[in-house]
Amino acid sequence: MRPMTARCVLSALILAAALPATAGLVANPALRLEAEAGMGNTGAPMQERVGSGPAWINRVPAASQGREVMIAGQDGAVRFTLPRTLSAGTYTVAVTGYGQAFDGAPILAVLVNGIQKSRVTLDWAARATTSLRGVSLKPGDVLELRFVNDAYGGEGKDRNAVLDYVQLSAESTAPAFKTTASAPAPVVKASAVKAPTAKPPLVKAATPVAKAAPAAGSATVNVRSFGATGNGKTDDTAALNRAMASGAATVVFPEGQYLVSAPVIVQGNKRVIKADGNAQLVAASSFRGVPGQQRGMLWLRGVRDVTVQGLSIDGRKSTLPDQDDTLLIQGILATGSDTLIFRDLKIQDVTADGIAVLDSSNVLTEGNQITGTGRHGIWTFQTNNQVHRRNTVTGLGFTGSDDRRRRGGGIALLGTLGNGFIATDNILKQSSDTATKTEGMSQVEYRGNTIDTFGKDGIKVMPYPPKVASIRDVLIEKNTIVGIHPWRPDGSGYIVLQSVQGGRVLNNTVQGSKGEGEPYQEDAVRVNTYASGPQSSQIVIEGNDLRDTRRGVRLASDGAVVRGNTISGTSPWSRSGLIVSGQQVQILNNTFKGEVVGVLLDKGIRATRVQGNTFENHEQAAIYANNENPDTAVVDNRFGSGINMAVAGQINPGENCRGNTGGSCP
């Protein structure tokens, strides 16, 4: 991608020379990045031709410089490489544009070097500006605005984003190093759900082993230079903490096993902790948890812009003395930090979580392998803007053991409170509990993940009362989910959305149990209300392949759209393809095959439209609308073979029952 130079427009002069010197502050220049000057998805300039890609340039007199960019396709993006003249620091990013709404407003994710920092909802039809504060930028960074919630319902029903320009205004310079950083979460636009401010119940800091690190330098140091042996027998804790306290920009672990009996503390900014060869941190048998506290074998405390890469971590929980469940030891723990990357790590057999990130922001986990943890694979608490991609988390499954050290295994990937959660292309296997879940988080995306064998739910998005009563902006797309088991007594389905306002479930594949293993409940997709929270709304379920579950879709959401899905099963296990428990639901162009009942309307459900669907092999009825279901419309459906009754219930003739083939309304 070429850096933006000539086409980046400076809209204000740098006033530093005219202002008095103030420590840590710079003048407030404004760098304007015109949308048409950015690069498209392929790294090439965008074209002035409609439909020439997911984004193109339009000439519009009202736009800045007379041009704007239409972003019309899913994941369409505009990317800017920041110029060398930019001062590294913290910026306000102001986005000017507007939205073309359909079934909800368009959303642009704001990413820096591939890591999502925040989101902008373009919920205005006229050109306007929204600002994101506290975004760290430096020369050469790639700033990207990506369209994440495309929707299309036919001519005149199209959701698009229009970007005019982005303006960067400096707030302060970024210090090279800070020993006591307590990173605030970035500010999200006013219409976004605000992250709670309550502290986690188990985050009291234990006494650190090492003193705070001095100012960071540019050197690379080797932990062996500080006395670490890496022989797997000598306690290397003190030596490793000396290496971390050196303030070096890069700390290297050569090949070996580094035995630790207490946390290795990382502090400071702009640091890389990495392995050179097969380097492994190993918990000594004397490593102890502390009641009411989190303890990480590697503990990042108040850091900013830190990468941990290539290390292996072995918690050896099966060799530790039997500890109480409240004594929590993580492989890696990060608290009060900002801009973290955990990449290509191998973490196994820790008593609690493989990676835990608390009270932090801007986190990327990528390419990690986490196995056999006593609690969760990856857990975040009150953490904004996180991306988890290409990780493999393998749980303990169901051991049937009473041994606390072997009984564990919780959720493979869990996010609790905060905003901005993206999980893509992960593999989550043998989860003793739910495979992956977010609690109290809005702006959630699950895309392209593979989930194989779990003990409760597959993918679950839910509130976190009383702090968060409802969730906004959820996308569940192109995931493959298989292997539900009754290892927890209250599991309900493969994809579960609760009290979600604006959710799309698109093009997922679910392979059900066919009744094998006696699952507690088994819905391929369940959308409902959590406790006394608000009902789910603005729900679209489209293009999914749902096979052999007890129930295909259980839907308690007014105004939902169920479109273009294939829902199949075999009687008697597969009872119903779709249960409708919301008013004014549209059921369009789906295929239902093999369930006892294809579509079942709950009592008192009204104004359901069943149109353009295909039904086959339903031993009771293709459509059951005999539960006081007024204003039901059955239009242009095809009723194939093996159907006992096409429609059960009284449907008004004329406009509400017409165009059907192979069967008719009673």
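Small disclaimer: the values here were computed from a predicted structure and weren't measured.

### Some points on the overall build of the chain
- A tally of regular secondary structure across the chain gives 2 helices and 57 strands.
- Out of the 666 residues belonging to the chain, those deemed buried represent 58%.
- Considering only residue pairs separated by 6 or more positions, the chain has 67% of its internal contacts joining residues 24 or more positions apart.
- Approximately 25,000 Å² of the chain is accessible, and the part contributed by carbon and sulfur atoms is 49%.

### Section: the side chain of His618
- Here His618 lies in the loop between β52 (614-616) and β53 (621-624).
- Exposure remark for His618: the relative accessible area of 0% places this residue in the buried category.
- Only 3.2 Å separates the side chain of His618 from the backbone oxygen of Glu616, close enough to count as a polar contact.

### Some thoughts on the sheet that holds strand β5 (residues 77-81)
- The antiparallel open sheet is built from 4 strands, whose spatial order is β5-β10-β7-β8. Looking at strand neighbours, the two that pair on one side only are β5 and β8 (115-121), the edges of this open sheet. Pairs of neighbouring strands in the sheet enclose a mean axial angle of 20 degrees, with direction left out of account.

### Regarding the state of the cysteines
- Enumeration over the complete set of coordinates arrives at 1 disulfide.
- Bridging Cys657 to Cys665, the disulfide has an S-S length of 1.8 Å. One quick way to see it: the torsion about the S-S bond of Cys657 and Cys665 is about 100 degrees, and its sign makes the bridge right-handed. Side by side, Cys657 and Cys665 carry an identical accessibility label, which is buried.

### Looking at the environment of Cys665
- Structurally, the position occupied by Cys665 is in the segment after β57 (657-658).
- For the pair Cys665 and Val635, spaced 30 residues apart in sequence, the C-alpha to C-alpha distance is 9.9 Å.
- Setting aside its immediate chain neighbours within four residues, Cys665 contacts Val634, Val647, Ile651 and Cys657.

### What about the pairing of strand β47 (residues 576-580)?
- Where burial is concerned, most of β47 is hidden: 5 out of the 5 residues are buried.
- As paired elements, strand β43 (residues 551-555) and β47 share 4 bridges and run parallel to each other. Note on β47: the bridge partner recorded for Val553 is Leu578.
- In this structure, β47 lies alongside strand β50 (residues 597-601), joined through 4 bridges in parallel fashion.

### Focus on the confidence of the model for the chain
- For the chain, per-residue confidence averages 85 on the pLDDT scale, and residues scoring 70 or more make up 85% of the total.
- A low-confidence stretch, residues 174-216 (pLDDT under 50), is modelled with 117 contacts involving residues beyond four sequence positions or located in other chains.

### Comments concerning unusual backbone geometry
- Of note, the bond from Pro465 into Pro466 is cis; its omega dihedral lies within 30 degrees of zero at 0 degrees.
- Looking at where Pro466 falls in the secondary structure, it is placed in the loop between β34 (459-462) and β35 (471-477).
- Cis geometry marks the peptide bond from Ser571 to Pro572; its omega dihedral reads 10 degrees.
- With respect to the secondary-structure elements, Pro572 resides in the loop between β46 (566-568) and β47.
- At Asn589, a position not held by glycine, the phi torsion is positive, near 60 degrees.
- Turning to its location among the elements, Asn589 is positioned in the loop between β48 (586-588) and β49 (591-593).

### Description of the nonpolar core
- If you look at the biggest cluster of nonpolar residues, it comprises 109 residues, and the most contacted ones within it are Phe253, Leu298, Leu300, Val308, Ile332, Phe342 and Leu555.
- Apart from residues lying up to four places away in sequence, Leu300 is in contact with Val266, Val306, Val308, Ile332, Leu333, Ala334, Thr335, Ser337, Leu340 and Phe342.
- Counting residues in each nonpolar core, the second largest holds 37 residues, with Leu82, Tyr98, Leu137 and Val166 among its members.

### What about the pattern of salt bridges?
- Within this structure, the stated rule accounts for 30 salt bridges.
- Residue Asp349 is joined to Lys317 by a salt bridge in which the shortest nitrogen-to-oxygen separation is 2.9 Å. Taken together, the positions of Asp349 in the loop between β23 (346-348) and β24 (355-358) and Lys317 in the loop between β20 (312-314) and β21 (328-335) put the pair 32 residues apart, joining distant regions of the chain. The two residues Asp349 and Lys317 agree in class, both being buried.
- One network of salt bridges, with partners in common, ties together Asp75, Arg119, Glu445, Arg447 and Glu477.

### As for the pairing of strand β41 (residues 536-542)
- Most of β41 is tucked away, with 5 of its 7 residues classed as buried.
- In this structure, strand β38 (residues 500-506) lies alongside β41, joined through 5 bridges in parallel fashion. Bridge pairing in β41 places Arg504 opposite Val540.
- Two elements, β41 and strand β44 (residues 557-558), share 2 bridges in a ladder whose sense is parallel. Looking at β44, one finds that Ser536 is bridged to Ser557.
- Bridging between β41 and strand β45 (residues 561-563) involves 3 bridges; their strand directions are parallel. From the neighbouring strand, Val540 faces β45, where its bridge partner is Val561.

### Topic: helix α1 (residues 237-245)
- For α1, the complete set of buried residues consists of Thr237, Ala239, Leu240, Asn241, Ala243 and Met244.
- On its buried side, α1 packs onto β13 (220-222), β14 (231-235), β15 (250-260), β16 (264-266), β17 (269-283) and β18 (294-301).

### Brief notes about the environment of Ile541
- Residue placement: Ile541 occurs in strand β41.
- Residue Ile541 is classed as buried on the basis of its relative accessible area of 0%.
- Considering only alpha carbons, one finds Ile541 and Arg563, 22 residues apart in sequence, at a separation of 6.3 Å.
- Those residues within four positions of Ile541 in sequence are excluded, and the remaining contacts are Val505, Val525, Val527, Val553, Leu555, Val561, Val562, Arg563 and Asn565.

### Describing the packing of aromatic side chains
- With the rule as written, the count across this model stands at 6 aromatic pairs.
- Pairing Trp379 with Phe381 gives two aromatic rings, centres 5.9 Å apart and planes at 65 degrees, and the pair type is edge-to-face.
- Judged by relative accessible area, which is 10%, Trp379 ranks as buried.
- On the basis of relative accessible area, Phe381 is assigned to the buried category, the value being 4%.
- Every member of this aromatic cluster is reached through a ring pair, and the members are Phe592, Phe615 and Phe639.

### Some words on the environment of Met462
- Tracing the backbone through its elements, the reader meets Met462 in strand β34.
- Sequence spacing of Met462 and Tyr530 is 68 residues, and the spatial spacing of their C-alpha atoms is 7.2 Å.
- Setting aside residues up to four positions removed in sequence, Met462 forms contacts with Lys437, Thr438, Glu439, Gly440, Ile471, Gln498 and Tyr530.

About the thresholds
- Residues numbered from 1 in each chain as written.
- Predicted model: local features only at pLDDT ≥ 70, side-chain atom pairs only at ≥ 80, totals over all residues.
- Heavy atoms only, no water.
- Helix = DSSP H or I, 4+ residues; strand = E, 2+ residues; numbered from the N terminus.
- Buried < 20%, exposed > 50% of the residue type's maximum accessible area, 1.4 Å probe, protein only.
- Contact = heavy atoms within 4.5 Å.
- Areas by Shrake-Rupley, 256 points an atom, 1.4 Å probe, with all protein chains shown as cover.
- Polar contact = N/O pair within 3.5 Å; in protein donor to acceptor, adjacent residues only side chain to side chain.
- Pairing = 2+ DSSP bridges.
- Axes fitted to C-alpha atoms, helices over the stretch in contact; angles between N-to-C directions.
- Disulfide = S-S within 2.5 Å.
- pLDDT = per-residue confidence, 0-100.
- Core = buried A, V, L, I, M, F, W, Y, C linked by side-chain atoms within 4.5 Å.
- Salt bridge = Lys/Arg side-chain N within 4 Å of Asp/Glu carboxyl O.
- Phe/Tyr/Trp six-rings, centres within 6.5 Å; stacked < 30°, edge-to-face > 60°.

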